[in-house]
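Descriptive analysis of the structure
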Amino acid sequence: PSSPLFDPLHYNNGTVWPFVTGFDALGLYRYHNATMGFAATTAVARTTFLWGLGANPEVFSGSDFEPLETAVPQQFFSTSMLLTPFVRGLLGWEADVPEARVALTPHLPASWDSLTVEHLPAGTGRYRILFRQNPESLLAVVTRTAGAGVDTLLYSPALPLGSRLTDVTVNGTRLANPSLRETGADVHVDLRLPLTERVAILIRHTPGFSVLLDPPTPERGARSSALKVVSQRLAGGTLVVVVQGLAGRTYNVKVRTPSGITATDVAIPSPGDAVDGYATAEVRVTAVR
């Protein structure tokens, strides 16, 4: 907005695109900020209900939550950028047919206890995936429902920050010496498995830390006011979350810790940014032993 070229109603010089927001969501998942990846993905999903059902607006005003009347009302690439961050970001499903393998790197929202996805493609194959999770386990069942598919599954699910492995079983057989890879924002179990007609993978782990941030739900015509998670990390046994919100406003932040869910109020300091009114604060949450 500080640019002299900015115009919140200009098609190229000031509008907000669901299409580009989908790339933002995909990048957030790739770099392990799944909280904001989910927020951006659900923001695109909400545009489905602004006009006719299934008609995702092409562009929005750059200053408030309002689609432009000049926009294409049923823009395919807006709809596609709901599917792309969901399939490649939240699920992390990406097939590599020349190498006869498929990657599955899910960052499931902490508030979800289950998810089933049908017709995922990998070459001639089609797959169904069922997830079940709780604070101490994650079950994934991958079933080939059609075609020949591929030979190898690269499975790397995200677990809550601070989790430690208890055990991993594949089709009931316990794996020896599975290890965790820490990214700084979460932890991953990296597995390379034969992808047969049906593979059931059960990961048991200790509870960790998960931020339970409600997706943004702005009203038509509203300015941005939702809390945003910039980063999270562990400092000893304390979760440190850097957030941004409207200056002078107090937000309630819920976190699932190893000892249960806790809620913390965070006051955003003033003054805020001259353009959008946002400022940065830090939240520290320690599990009660």
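For clarity, every value in this text was computed on a predicted model and none was experimentally measured. (Residues numbered from 1 in each chain as written. Predicted model: local features only at pLDDT ≥ 70, side-chain atom pairs only at ≥ 80, totals over all residues. Heavy atoms only, no water.)

1. Overview of the side chain of threonine 15
Rules: Elements are defined by DSSP. Helices are runs of H or I of four residues or more, strands are runs of E of two residues or more, and each kind is numbered from the N terminus. Per-residue accessibility, obtained with a 1.4 Å probe over protein chains only, is compared with the maximum for each type, and a residue is labelled buried under 20%, exposed over 50%, and partly exposed between these values. The definition of a polar contact used here is a pair of N or O atoms within 3.5 Å, where within protein one atom must be able to donate a hydrogen and the other to accept one, and adjacent residues in sequence count solely through side-chain atom pairs. Note on definitions: a residue-residue contact is assigned when non-hydrogen atoms from the two residues lie within 4.5 Å.
By the element assignment, threonine 15 lies in the segment before helix 1 (18-30). The exposure class assigned to threonine 15 is buried, which follows from its relative accessible area of 12%. Polar side-chain contacts of threonine 15 include one of 2.8 Å to the backbone oxygen of tyrosine 11. Apart from residues lying up to four places away in sequence, threonine 15 is in contact with Asp7, Pro8, Leu9, His10, Val59, Phe60, Gly62 and Leu68.

2. Topic: the packing of helix 1 against helix 3 (residues 76-90)
How we decide: For helices, the fitted line uses only the C-alpha atoms of the stretch in contact; every axis is such a line through C-alpha atoms, and the angle between N-to-C directions lies from 0 to 180 degrees. The labels follow the angle: roughly parallel below 35 degrees, roughly antiparallel above 145, roughly perpendicular from 65 to 115, and oblique for the rest. When residues are grouped by polarity, Ala, Val, Leu, Ile, Met, Phe, Trp, Tyr, Cys and Pro land in nonpolar, Asp, Glu, Lys and Arg in charged, and all others, Gly among them, in polar.
Helix 3 packs onto helix 1 with a crossing angle of 5 degrees between their chain directions and a minimal axis gap of 8 Å. The angle between helix 1 and helix 3 places the two elements in the roughly parallel class. Within the contact between the two elements, helix 1 uses Pro18, Phe19, Gly22, Phe23, Ala25, Leu26, Tyr29 and Arg30 and helix 3 uses Phe77, Ser78, Met81, Thr84, Pro85, Arg88, Gly89 and Leu90. When grouped by side-chain class, the residues that make up the contact of helix 1 with helix 3 number 10 nonpolar, four polar and two charged.

3. A closer look at the pairing of strand 8 (residues 165-170)
We apply this condition: At least two bridges found by DSSP between two strands is the condition for calling them paired.
In this sheet, strand 13 (residues 198-205) lies alongside strand 8 in antiparallel orientation, the contact comprising five bridges. Bridged to valine 168 within strand 13 is isoleucine 203. Here two bridges tie strand 8 to strand 9 (residues 173-174), and the two strands are oriented antiparallel to one another. Of the residues in strand 9, the one forming a bridge with valine 170 is threonine 173.

4. A word on unusual backbone geometry
A cis amide bond links serine 270 with the next residue in sequence, proline 271, at an omega value of 0 degrees. Of note in the backbone geometry, histidine 119 takes a positive phi value of approximately 65 degrees without being a glycine. Topologically, histidine 119 is positioned in strand 3 (residues 114-122). A relative accessible area of 60% places histidine 119 in the exposed class. The phi angle at asparagine 171 is positive, at roughly 50 degrees, despite the residue not being glycine.

5. Comments concerning the pattern of salt bridges
Once their charged atoms are close, side chains differing in charge can pair, the charge on each being opposite to the other. Basically, it comes down to this: A side-chain nitrogen of Lys or Arg and a carboxyl oxygen of Asp or Glu constitute a salt bridge if their distance falls within 4 Å.
This model, assessed by the stated rule, comprises eight salt bridges. Aspartate 190 is paired through a salt bridge with arginine 181; the nearest N and O atoms lie 2.6 Å apart. Accessibility expressed as a relative area gives 36% for arginine 181, which makes it partly exposed. One salt bridge in this structure joins glutamate 282 and arginine 284, with 3.0 Å as the shortest N-O distance. For glutamate 282, a relative accessible area of 43% puts it in the partly exposed group.

6. Observations concerning the sheet that holds strand 7 (residues 158-159)
Strand order in the open sheet formed by three strands is 7-11-10, with antiparallel pairing between adjacent strands. Edge positions in the sheet fall to strand 7 and strand 10 (180-182), since each of these pairs with one other strand and no more. Where strand 10 meets strand 11 (residues 187-189), three bridges bridge the pair, whose relative direction is antiparallel. Note on strand 11: the bridge partner recorded for leucine 180 is valine 189.

7. With respect to the layout of surface pockets
Selection rule: Using a 1 Å grid laid over the protein atoms alone, points where a 1.4 Å probe fits but cannot get out form a cavity; open sets with protein on both sides within 12 Å along at least 5 of 7 lines form a pocket; any residue with an atom within 4 Å of a point counts as lining. Grid points are joined across faces, edges and corners, and a volume is the space filled by probe spheres set on the points.
Space inside the largest pocket adds up to approximately 1600 Å³. In this structure, the largest pocket is lined by 48 residues; those nearest its centre are Pro216, Ser224, Ala226, Lys228 and Tyr278. Elements with a contribution of two residues or more to the lining of the largest pocket: helix 1, helix 2 (34-46), strand 14 (210-212), strand 16 (238-246) and strand 17 (250-257). In terms of residues, the lining of the largest pocket owes the most to one element, helix 2, which gives six residues. Partitioned by chemical class, the residues of the lining of the largest pocket number 27 nonpolar, 10 polar and 11 charged. Contributing to the lining of the second largest pocket are 34 residues, with Leu108, Pro109, Ala110, Ser210 and Val211 lying nearest its centre. If you list the elements that add at least two residues to the lining of the second largest pocket, you get helix 2, strand 4 (125-134), strand 5 (137-146), strand 7 and strand 14. Residue composition of the lining of the second largest pocket, by class: 19 nonpolar, 11 polar and four charged.

8. Points about helix 2
Definition in use: Expected span of a helix: the number of residues minus one, times 1.5 Å.
Along its 13 residues, helix 2 runs 18 Å from first to last C-alpha, staying within 8% of the 18 Å computed at 1.5 Å per residue. All of the buried residues in helix 2 are Thr35, Met36, Gly37, Phe38, Ala39, Ala40, Thr41, Thr42 and Val44. Taken together, the buried residues of helix 2 touch helix 1, helix 3, strand 14 and strand 15 (228-235).

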